[in-house]
Structures are given as structure tokens and as C-alpha cells.
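Reading the structure
Residue strings, one per chain:
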Amino acid sequence: MEHVTGVVGMPSGGAQFIGGEPRSGTGGAAYSVVDPATGRTVWTYETAGPGDVDAAVRSAKEALPGWAGASPGERSEVLYRLAAQLAERADDLARAETLQCGKPIKLSSGFDVPGTVDNTAFFAGAARHLEGKAAAEYSPDHTSYVRREPIGVIGSVAPWNYPLQMAAWKILPAVAAGNTVVLKPSELTPLTSLMFARAAADAGVPAGVINIVTGTGPVAGEHLVAHPDVAMTSFTGSTAVGRRIAELAAGTVKRLHLELGGKAPFVVFDDADLEAAAHGAVAAALINSGQDCTAATRAYVQRPLYDAFVTAVADLMAGVRLGDPRDPATDLGPLISFAHRDRVAAIVERARTYATVVTGGEAPGGKLAAGAYYRPTLISGAPQDSEAVQREIFGPVLAVLPFDGDDQGLALANDTPYGLAASAWTRDVYRAGRAGRELAAGCVWINDHIPIISEMPHGGAKFSGFGKDMSTYSFEEYTQVKHVMYDNTAVARKDWHRTVFGDR
Ligand code: NAD
């Protein structure tokens, strides 16, 4: 049923991880993990059906009292051990991530895996830092205090673009706060989520605290979101599926965390360092082949710098090395699948009718024709209301548009339904300050675009969703605040009873 190809520590025993053990799915459908660099099937598995999701939720529910009742220090210790286990397995995790996603090995090993290890260590620390209002006599007759309690069983659904990091972002704050989790990774990329769960079990995370169900969205995903024993749904993925999840979650009034699509603007003012802006735009547009929800997708460049910026970006894009993602010299790997590559290509083809494709705009031939590759693409002259400027493409495609005054630049940047990330490029502290205030996004970079850090929150506004990943803000997302209020008077007839009894 499974084929192991080159990666030591590939998951074995099936694509479900329930109650601390791998097992095969009972959904009745076989599914393949395909290396998008070659089109070859690298792993096959049986998908999860509703019965597997029920078993995983049951396991998480059974593990909840023990895990929620463990002290923060105990949870912290186990998570530190998990960080060490992940660090030991770093090379295997990076290779598996590259195999299933096609992302360059220098990205997997330099960003995805170390970022996950750091995140794990961060949440090991965060587990011991519950915060809230001070206990006090806010009414003279009562003492009040706040408890931060776990929410229960968390059902999480993750995308394929950063499978290991997304699994970590969903699982870590939840379990650090004392919840138990059932995660459904993307059916395209389950390998590193399963390896993460294995590492957690080996680190001593009790059985049932972290469960993985691998199946399709409409079957396993919907069953998990609608499940009555799941207290919260945490979803990262497209805005369209996020809407569906919000509808489903309404049936059981679930708490929701939605990290959705993006269409990040990249605003270059006329005093910017042109070399920095051009390099920043190319790196931020092409990271992970543009399959990054915060990727730079729309560059707005103030008129005096516009022509030079277009030339510099086109030149840099033309020099990017596409190739075998396992080769450390490769800059850009394939897209996640041939279907997705064709969707990106179709958007660029339609753009030719209303804009200019300055560079790229095609799939490479030769040896790379066997993979889902697409050349770095720069589009100029697309109207603000066109598909290329408004719609999330999720590929190595950057649209560039000119603007005149600062008001216009910021207004155009804010003019899409999304609000996940944005950047402004300027050497003027007041322009930078204004951009930080006025760009409508969950994250605004000044003179950079893409970096993230475990201590700081990631999450969007508008159609990009709500809630935060990473940082103590995400830890708080997975706790519920309870107010406990003590009477201090010990009198039977309390003063406020007058509102019911009058002077009787
Ligand atoms: P997707 O929405 O197609 O799928 C995401 C996950 O949802 C997958 O596991 C999928 O199986 C599942 N799913 C699909 N239909 C479902 C349903 N009806 N019910 C329950 N689950 C369902 O997204 P994708 O193509 O995997 O990932 C790309 C998208 O993710 C992009 O839009 C990108 O912007 C977004 N994303 C956002 C962030 C963020 O932090 N905001 C981060 C990464 C990716």
C-alpha cells in the first residue's frame, strides 16, 4: 500500500494517527502523494472516513481530562522534548516536505523545519505563562478572579503549502493550553504532519492528545467541523472553504479561528531604496513558488521609480534558477500539482488580453516539463479591478502598477477583499508610520516582506479571516476565560436583592 522513497523516517502503518498509533483509513478510497517535481507517486494511503474521524475525536475526548489536568510545567516539559525530537529529525522532515510539496530543499531545511522547532520551543515556554486580570475586589462585597481554561477537543484543518509549519501552528498552542487535537492535513501533503505526530508520541505526549486524520475536505474535513464533540474549529486554507466551514460550525455554535487567503500589496514610495525594493519584491513574490498566503502579489510603485522597478524585477526574475527541489542550488521548485499550475497559467493567459506579461508567463520545457513548474512572471498594466490584481493566484506571479500621490498608493493597496499582509518601502519615517497605521492587514512590514517570528502574531482581517497563529495571542485563542466571583459578606440578604424584594 505504501512506497517509501529515499526519506528515512517516512510514516508507516497508514495515514491516520489515532490514540498514539498509526492506522489505515476506512474511508474506502486510496489516495496518492505525488512528487510535483516529477509527477511520480511517492506514497499511497487509504483516506479517512467518518468512522476514523469519530475514533480520533473519541480518543481526543478521552485524553482531555488527563492532559487538561496536567500542570503547565508538565505540559511544557513534554513540548521541550518534542522540540528536541523534531530537531533530531530535521533532515528527514525537510526531505519529506520537499518530496511532497516540491519546495526547494534550502527552503525546507532553512525555514520550514527550524521554524517549527523554534515554534515548539516557544509554546513549551508559553504553556507556563497564563495571563489575565489580577484577582481583586472589583465590587467591595466580592472577590473576582479569572481562570484560563482549555476549550476541549480542537478540530483543525490545514492546507498544503507549508504542511509541517501549519500542523505545528495548529497543534502547538492548542496542546500547550491543555486542549487535545484532531488535525486534518491536506490530503495532498500528509507526510510531515504524521511525522510530527510520531515525534510527539516519542517525546511522551500522551496517546490521544494529538491525532491526525488524513482524508478529503468534503468527507473527513466536514465531518470533523460538524462533529458535536469538537469544541472549536481552527482552519487555515482558502476563503471559499473558510466560508463553508463557518456555515458548518454554526450548527454546533463552535468557536472558530479562520486563517484564509491573501493578496498582499507591496507599496514602493518614491524615496525607497530601489535595489532593496526590487530584491524584496522578487523574493517575497517567489517564496515557495508564490504559494504563500502573505506573498507579495501586487506591487504599487510611485511613478518616478516605476520604470526602473519593472526593469530590475524582470531582470532578477529571469535569473532565478528553476530545478530539482532536492538540489541545494535550486531557487524555485514546481507548484503543488499540475492542476494548480494549469489554474495559474490560465489566469496569466487571461491577463494577456488586458495587460502585458513582462517576463515569464509559461511553463518551462526540457527536463522540467515532467514537473508542475511555472516561470516567475511579472504582469504590468493590469487594471486595479482586473482578475490578476484582485484574485489570489497562489503562484509565482507579481502584478505591478504605478501610483502618484501617497493617498492613492495606500488606497489602491487596501482595495481588495483581503487583509492578511502588506509592506511599505520608504526611507521617510512619517510615510512608514502612516503605512503602518493605514494599510488594512494583520501584518505590515516596513522595508521587508515575509519574515515571521514565533513571538509575534500571524493572522488576517477582512476576507483573510480572524484569529492569530503563533505568539501568545494564538495561545489565548485556545483558552476560554472564566470569571469566578466570591461573595465576601456571608450575609443572607444581600444589598442587591432590593431589586427583587424591594424593602421586604
Ligand atoms: P483549501 O481551502 O482548498 O484546503 C485547505 C484544507 O481544507 C485542506 O485540508 C482541505 O482538504 C480542506 N477542505 C477542503 N474543503 C473542505 C470542506 N468542505 N470542509 C472541510 N475542510 C475542507 O486550501 P489549500 O488549497 O489547501 O491552501 C491554499 C489556501 O490556503 C490559499 O487560499 C492560502 O492563502 C491559504 N492559506 C492561508 C494561510 C493564512 O495563514 N491565512 C496560510 C497558508 C495558506
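About the criteria used
- Residues numbered from 1 in each chain as written.
- Predicted model: local features only at pLDDT ≥ 70, side-chain atom pairs only at ≥ 80, totals over all residues.
- Heavy atoms only, no water.
- Domains from an automatic or database assignment.
- Contact = heavy atoms within 4.5 Å.
- Buried area = accessible area lost by both parts, 1.4 Å probe.
- Salt bridge = Lys/Arg side-chain N within 4 Å of Asp/Glu carboxyl O.
- Polar contact = N/O pair within 3.5 Å; in protein donor to acceptor, adjacent residues only side chain to side chain.
- Helix = DSSP H or I, 4+ residues; strand = E, 2+ residues; numbered from the N terminus.
- Near = heavy atom within 4 Å.
- Areas by Shrake-Rupley, 256 points an atom, 1.4 Å probe, with all protein chains shown as cover.
- Nonpolar A, V, L, I, M, F, W, Y, C, P; charged D, E, K, R; others polar.
- Pairing = 2+ DSSP bridges.
- Axes fitted to C-alpha atoms, helices over the stretch in contact; angles between N-to-C directions.
- Buried < 20%, exposed > 50% of the residue type's maximum accessible area, 1.4 Å probe, protein only.
- Parallel < 35°, antiparallel > 145°, perpendicular 65-115°, else oblique.

So, on to the domain arrangement of the protein chain. Interfaces are often sized by the amount of accessible area the parts lose when they come together. In terms of domain boundaries, the protein chain breaks down into domain 1 (16-260 + 464-483) and domain 2 (264-446). Opposite the 23 residues of domain 1 that make contact, domain 2 presents 30 residues. For the pair domain 1 and domain 2, the summed buried surface comes to about 2,000 Å²; carbon and sulfur atoms form 58% of the total. The tally of links between domain 1 and domain 2 comes to one salt bridge. A salt bridge links Lys106 to Asp331, with the nearest nitrogen and oxygen atoms 2.6 Å apart. The tally of links between domain 1 and domain 2 comes to 10 residue pairs in polar contact (both at pLDDT 80 or more). Among the secondary structure elements, those contributing two or more residues to the side of domain 1 that touches domain 2 are helix H3 (90-101) and helix H4 (105-126).

A separate point is the site of the ligand. The ligand sits among 28 residues. The nearest are Ala158, Glu187, Ser238, Leu260 and Glu392. Contact between the ligand and Gly217: an oxygen atom at 3.5 Å from a main-chain N or O atom of the residue. Residue Ser238 places a side-chain N or O atom 2.6 Å away from an oxygen atom belonging to the ligand. Burial of the ligand by the protein amounts to 90% of the accessible area it has alone, namely 840 Å². Only helix H7 (217-226), strand E10 (232-236) and helix H8 (239-250) provide two or more residues apiece to the shell around the ligand. Within the shell around the ligand, the residues separate by chemical class into 12 nonpolar, 10 polar and six charged. Two domains each provide a minimum of three residues to the shell around the ligand, namely domain 1 (16-260 + 464-483) and domain 2 (264-446).

Let us now look at the sheet that holds strand E15 (residues 377-380). The seven strands lie next to each other as E14-E15-E16-E13-E12-E18-E19, forming an open sheet whose pairing is mixed. Edge positions in the open sheet fall to strand E14 (356-359) and strand E19 (443-446), since each of these has one partner strand only. This sheet shows a mean twist of 25 degrees between the axes of neighbouring strands, independent of strand direction. Bridge count between strand E12 (residues 264-268) and strand E13 (residues 296-302): five bridges; the pairing is parallel. Directly across from Pro265, in E13, lies its bridge partner Arg298.

Before going further, it helps to examine the sheet that holds strand E6 (residues 142-150). Strands sit in the order E5-E6-E22 across an open sheet of three strands; the sheet is antiparallel. Looking at the sheet topology across the chains shown, the edges are occupied by strand E5 (136-139) and strand E22 (479-487). Along the sheet, successive strands turn relative to each other by an average axial angle of 45 degrees, direction set aside. Sheet topology note: the E5/E6 ladder contains two bridges and is antiparallel. Note on E6: the bridge partner recorded for Ala136 is Ser144.

So, on to unusual backbone geometry. One non-glycine residue, Val253, lies in positive phi territory at about 45 degrees. Position of Val253 among the secondary structure elements: in the loop between H8 and strand E11 (255-259). The phi torsion at Ile450 lies on the positive side, around 125 degrees, for a residue other than glycine. A residue is classified by how much of its surface remains accessible, and Ile450, at 11% relative accessible area, is buried.

At a minimum axis distance of 10 Å, the contact between helix H2 (residues 72-88) and helix H5 (residues 163-176) shows a crossing angle of 155 degrees. When the axes of H2 and H5 are compared, the pair comes out roughly antiparallel. Residue-level contacts link Arg75, Leu79 and Leu82 of H2 to Leu172, Val175 and Ala176 of H5. Looking at the contact of H2 with H5, its residues break down into five nonpolar, no polar and one charged.

Assignment of secondary structure puts Asp406 in helix H13 (residues 406-414). Within the structure, the side chain of Asp406 is placed 3.3 Å from the side chain of Gln302, a separation counted as a polar contact. Once residues within four sequence positions are removed from consideration, Asp406 is found in contact with Phe269, Gln302, Arg431 and Arg434.

A separate point is the pairing of strand E3 (residues 30-35). Two elements, E3 and strand E4 (residues 40-46), share six bridges in a ladder whose sense is antiparallel. Looking at the pairing, Ala30 lines up with Glu46 of E4. Adjacent in sequence and paired antiparallel, E3 and E4 are bridged by four residues, among which Gly39 carries a positive phi angle near 80 degrees.

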